Amino acid sequence: MIHVVAGLTTPFRYQFFNNGIIVATIAGALCGLLGVFVVLRGMSYIGHGLSHAVFGGAAASAVMNINYFVGAGVWGVASGVIIGRIARRRLIGADAAIGVVTTASFALGLALLNRYGQAKKSIEAVLFGSVLGVKTIDIIAVSAVAILSVVIIVALYRAFLFATFDPEVAEVSGVRVAWIEALLMGLLSLTILVTMRVIGTLLISALLVIPASVARMLTNSFARMLWISPIIGAVSAFTGMYLSYFLDTSASATIILTGTLMFIVVYAVTGIRGRTRISGLHHI
Amino acid sequence: MIGEVLVECAHMSCAYNSTLAIKKIDFTIRKGDFVGIVGPSGSGKTTLLKAILGSISPVEGHVTKKPHLRMGYVPQVETVDWNFPVTVLEVVVMTRSSTGRLPRVTKDELADALLVLERLGLGGLENRHIRELSGGQQQRVFVARALFHRPELLVLDEPTSGVDVRTRHEVLHLLADLHDEGVSIILSTHDLNGLAAHLPRLVCLNSEIIADGSPVEVLTPEVLEQTFGAPMEVLIHGGMPVVVDGVGADIAERMSRLG
Ligand SMILES: Nc1ncnc2c1ncn2[C@@H]1O[C@H](COP(=O)(O)OP(=O)(O)OP(=O)(O)O)[C@@H](O)[C@H]1O
Ligand SMILES: [Mg+2]
């Protein structure tokens with residue numbers, strides 16, 4: 001018995017694992033929180049695009065020996081604002097324009113790493129995330145962005161709700177919709193920036209979408225979604241990370257698979273109700 | 001007595017992607033007005049209302065508003081995202097985004113909101129999801145949201161589309177009550193006899209303003225033909241104009257041949 005318990009707690013003996021699971025859990029909660037907006041506004045392609053854009057910044061800063069948070073941060077927030085502006089004008093072809101720009105940024109990053117990077121390992125780490133590389137600075141960064149996001153969303157709760165539900169009327173009623181949208185894009189970029197080293201470029205958009213979709217199936221209230229979704233994100237991340245140690249699988253892949261499992265279970269349990277609730281979500 | 005000017009459109013044109021939707025609109029809303037806009041689908045009713053609200057800007061001419069004019073907007077129900085996870089109460093209180101910021105609804109706000117909902121016959125439905133309501137109730141939730149903002153000018157886009165006769169009467173009574181309380185109202189409608197003919201002032205729109213005046217002045221065969229591009233007859237019933245489809249007789253004849 002003692003043996004089993006000791007076995008189950010083994011991973012926590014490693015500092016790298018503890019750091020990794022802390023960052024992953026906070027990252028899961030943070031992605032769950034912002035994912036609510038991503039899912040309700042049908043902007044999943046923005047999460048996808050942003051993570052690819054940030055990859056370019058990450059690669060460039062690695063090659064030029066600039067601090068990751070500075071290099072990728074400037075790049076990420078800049079692309080976030082630009083993407084937000086393109087999307088806001090709702091021009092025909094906005095998706096395509098965003099797709100082209102972000103994929104180009106991604107390709108540039110890849111080429112830079114090929115040409116000047118050290119090893120294939122670093123590319124893999126950026127694409128799929130890595131728990132080994134997690135440092136104290138990552139814990140601080142992800143916590144800071146999480147706190148910032150919670151404070152902003154709580155303080156401007158109604159403006160965020162109004163601008164998400166009905167931007168046109170919100171504007172007329174005195175909500176600065178453009179400002180709220182820029183804020184949201186800024187927070188999203190920061191979130192991707194601080195979670196990317198653990199979750200990786202390729203799977204981060206899934207973490208923005210899955211918990212919020214599960215939460216949507218469970219509730220009809222925006223307010224409740226805002227706390228259910230982070231809990232689901234955190235639980236998936238914690239469980240996925242923990243299981244990955246024993247299964248010897250990639251942490252981020254296991255996190256996404258855990259989230260997907262929760263999605264399937266909730267989908268089955270809520271039945272037709274859950275299905276109608278998410279049927280209205282635009283192309284998740 | 002003529003009320004003060006709330007909104008004035010002077011030679012205003014609005015466009016989407018450089019295609020003009022409304023042209024050279026000269027139009028004034030004064031305090032105490034109760035105006036209906038009629039016109040065929042695509043004639044620019046929604047566009048005109050949005051220009052008045054300021055959510056789209058004219059490409060030509062201008063809109064001037066009384067400073068700090070408080071407006072409440074009830075959008076066309078087709079434009080609402082009915083799947084969005086919000087309850088009736090959440091919709092109603094969301095307009096107070098500048099004063100009430102926090103997620104918590106204060107006691108005063110709750111009391112206010114419940115009063116408005118009660119008044120619109122939505123008492124007890126505050127925790128329902130907006131999709132779980134009848135068409136008439138859904139319509140009124142958005143009226144409630146607009147009223148919660150305490151508007152001086154209420155702007156409604158097709159407030160009676162898709163509702164039954166009784167609900168239409170209720171909406172009309174409600175609007176008349178609000179008007180009596182000093183709220184100025186502008187609305188768009190497709191319902192000439194059920195709604196438009198009862199209003200004190202009507203505007204016929206087809207990209208341009210075809211006519212602007214009382215129903216008796218405006219609801220004439222000539223104006224209607226010019227507005228809708230279809231022949232219509234006007235009967236006077238109890239002193240009020242009643243619009244009859246000009247093709248009615250033709251269709252009736254064909255149908256009778258089928259029977
Ligand atoms: N977002 C838009 N982008 C491009 N064109 C638009 C847009 N909205 C409206 N239009 C066009 O502008 C014109 C006026 O549209 P508007 O919605 O104002 O008409 P409406 O009178 O409200 O019609 P309905 O009775 O069907 O609601 C139409 O020709 C329409 O196709
Ligand atoms: Mg319209």
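Parameters at a glance
- Residues numbered from 1 in each chain as written.
- Chains lettered and ligands numbered in written order.
- Predicted model: local features only at pLDDT ≥ 70, side-chain atom pairs only at ≥ 80, totals over all residues.
- Heavy atoms only, no water.
- Helix = DSSP H or I, 4+ residues; strand = E, 2+ residues; numbered from the N terminus.
- Rg over C-alpha atoms; globule rule 2.2 N^0.38 Å.
- Buried < 20%, exposed > 50% of the residue type's maximum accessible area, 1.4 Å probe, protein only.
- Contact = heavy atoms within 4.5 Å.
- Lys, Arg positive; Asp, Glu negative; His and termini not counted.
- Charge placed at Lys NZ, Arg CZ, Asp CG, Glu CD.
- Donors = N, O, S within 2.8 Å, 3.2 Å for Na, K, Ca; no water.
- Buried area = accessible area lost by both parts, 1.4 Å probe.
- Salt bridge = Lys/Arg side-chain N within 4 Å of Asp/Glu carboxyl O.
- Polar contact = N/O pair within 3.5 Å; in protein donor to acceptor, adjacent residues only side chain to side chain.
- Axes fitted to C-alpha atoms, helices over the stretch in contact; angles between N-to-C directions.
- Parallel < 35°, antiparallel > 145°, perpendicular 65-115°, else oblique.
- Pairing = 2+ DSSP bridges.
- Expected span 1.5 Å × (residues − 1).
- Bend = angle between axes of the 7 residues up to and from the residue.
- Core = buried A, V, L, I, M, F, W, Y, C linked by side-chain atoms within 4.5 Å.
- Right-handed = clockwise from strand over helix to strand, strands pointing away.

Asker: Which residues make up the overall build of chain B, and what values do they have?
Answerer: Along its length, chain B carries eight helices and eleven strands. For 259 residues, the compact-globule formula gives about 18 Å, and the C-alpha radius of gyration of chain B, at 20 Å, lands near that figure. Each of the three principal axes of chain B carries a C-alpha extent, and together these read 60 × 50 × 40 Å. Here chain B, with 259 residues, has 51% of them falling under the buried criterion. For chain B, the proportion of contacts with a sequence separation of at least 24, taken over those separated by at least 6, is 66%. Seen as two clouds, the 24 positive and the 32 negative side-chain charges of chain B have centres 7 Å apart.

Asker: With reference to specific residues and values, describe the coordination of the magnesium ion (ligand 2).
Answerer: All names here are of chain B. Looking at the magnesium ion (ligand 2), the protein donor atoms are Thr46 (OG1) and Gln76 (OE1), and they sit 1.9 to 2.4 Å from it. Of the two residues, threonine 46 is situated in helix 1 (residues 45-53) and glutamine 76 in the loop between strand 5 (71-74) and helix 2 (88-93); the sequence distance between them amounts to 30 residues. Accessibility expressed as a relative area gives 21% for threonine 46, which makes it partly exposed.

Asker: I'd like a rundown of the interface of chain B and chain A, residues and numbers included.
Answerer: Contact with chain B, which involves 33 residues of that partner, is made by 28 residues of chain A. Looking at the side of chain B facing chain A, the largest losses of area belong to Phe84(B), Pro85(B) and Met94(B), adding up to 24% of the total buried there. Joining chain B to chain A, the criterion identifies three salt bridges. In this structure, Asp166(A) engages Arg145(B) in a salt bridge whose closest nitrogen and oxygen atoms are separated by 2.8 Å. In this assembly, chain B and chain A are joined by seven residue pairs in polar contact (both at pLDDT 80 or more). For the side of chain B that touches chain A, the secondary-structure elements that each account for two or more residues are helix 1, helix 2 and helix 4 (135-148) of chain B. The element contributing the most residues to the side of chain B that touches chain A is helix 2 of chain B, with three residues.

Asker: Mind laying out the packing of helix 2 (residues 15-40) of chain A against helix 11 (residues 204-218) of chain A, listing which residues take part and the relevant values?
Answerer: All names here are of chain A. Axis separation between helix 2 and helix 11 bottoms out at 7 Å; the angle between their running directions is 70°. Relative to helix 11, the element helix 2 is oriented roughly perpendicular. Along the contact surface, helix 2 presents Ala27, Gly28, Cys31, Gly32, Gly35, Val36, Val39 and Leu40, while helix 11 presents Leu207, Leu208, Val209, Pro211, Ala212, Ser213 and Arg216.

Asker: Help me get a handle on the pattern of salt bridges, residues and values and all.
Answerer: Residue and element names in this part refer to chain B. In the structure shown here, the tally under the stated rule is 15 salt bridges over all chains. One salt bridge in this structure joins glutamate 170 and arginine 140, with 4.0 Å as the shortest N-O distance. Placement of glutamate 170 in helix 5 (residues 165-180) and of arginine 140 in helix 4 is noted, with a sequence separation of 30 residues between them. For glutamate 170, a relative accessible area of 30% gives the class partly exposed.

Asker: Residues and numbers for the sheet that holds strand 2 (residues 19-30) of chain B, please.
Answerer: Residues and elements named next belong to chain B. Spatial strand order, 2-1-4: three strands in an open sheet with antiparallel pairing. Of all the strands in the sheet, just strand 2 and strand 4 (60-65) have a single pairing partner and so form its edges. On average, each strand axis in the sheet is inclined to that of its neighbour by 15°, with strand direction left out of account. Pairing of strand 1 (residues 5-16) with strand 4 involves five bridges; the strand directions are antiparallel. Following the sheet pairing, alanine 10 is matched in strand 4 by histidine 62. Strands in contact with helix 1 are strand 1, strand 2 and strand 4; relative to strand 1, the strand with the most contacts, it is inclined by about 125°.

Asker: Outline helix 10 (residues 177-199) of chain A, listing residues and values.
Answerer: Residues and elements named next belong to chain A. Over its 23 residues, helix 10 extends 31 Å from the first C-alpha to the last, a length consistent with the 33 Å expected when each residue adds 1.5 Å. The largest bend in helix 10 amounts to roughly 30° and is located at leucine 193. For helix 10, a buried count of 17 out of 23 residues is recorded, marking the element as mostly surrounded by other parts of the structure. Just downstream of helix 10 lies glycine 200, where phi reads positive at about 90°.

Asker: Pulling in residues and values, what's your account of the pairing of strand 9 (residues 208-213) of chain B?
Answerer: Residue and element names in this part refer to chain B. Across five bridges, strand 8 (residues 201-206) lies against strand 9 in antiparallel orientation. Each bridged residue has a counterpart across the sheet, and for valine 203 the counterpart in strand 9 is aspartate 212. Linking strand 8 to strand 9, which pair antiparallel, is a turn of one residue; within it serine 207 sits at a positive phi near 65°.

Asker: Describe the sheet that holds strand 7 (residues 184-189) of chain B, with residues and values.
Answerer: Residue and element names in this part refer to chain B. The strand order across the open sheet formed by six strands is 5-6-7-3-8-9, and the pairing between neighbours is mixed. At either end of the open sheet lies a strand with only one pairing partner, and these are strand 5 and strand 9. Mean inter-strand twist for the sheet, computed between neighbouring axes without regard to direction, equals 15°. Examined bridge by bridge, strand 3 (residues 34-38) and strand 8 share four bridges and lie parallel to one another. Across the sheet, residue valine 35 finds its bridge partner in strand 8, namely arginine 201. Those strands touched by helix 1 are strand 3, strand 5, strand 6 (153-157), strand 7 and strand 8, and its axis lies near 155° from that of strand 6.

Asker: Give a description of the nonpolar core that names residues and reports values.
Answerer: Of all hydrophobic cores here, the largest spans 165 residues; its most connected members are Phe222(A), Leu153(B), Leu154(B) and Ile186(B). When residues in this core are grouped by element, the largest group, 14 residues, is from helix 2 of chain A. Here Phe222(A) is in contact with Val36(A), Phe37(A), Leu40(A), Tyr157(A), Leu161(A), Phe84(B), Pro85(B), Val86(B) and Glu90(B), once residues within four sequence places are set aside.

Asker: Any chance you could break down the pairing of strand 6 of chain B for me, citing the residues and the numbers?
Answerer: Residue and element names in this part refer to chain B. In terms of burial, strand 6 is largely enclosed, as five of its five residues are buried. Neither face of strand 6 is open: one carries Leu153, Val155 and Asp157, the other Leu154 and Leu156, and all of them are buried. The pairing of strand 5 with strand 6 spans four bridges and is parallel. When the sheet's bridge partners are listed, tyrosine 73 is paired in strand 6 with valine 155. Where the polypeptide runs from strand 6 across helix 5 and back to strand 7, its parallel neighbour, the crossover connection is right-handed.

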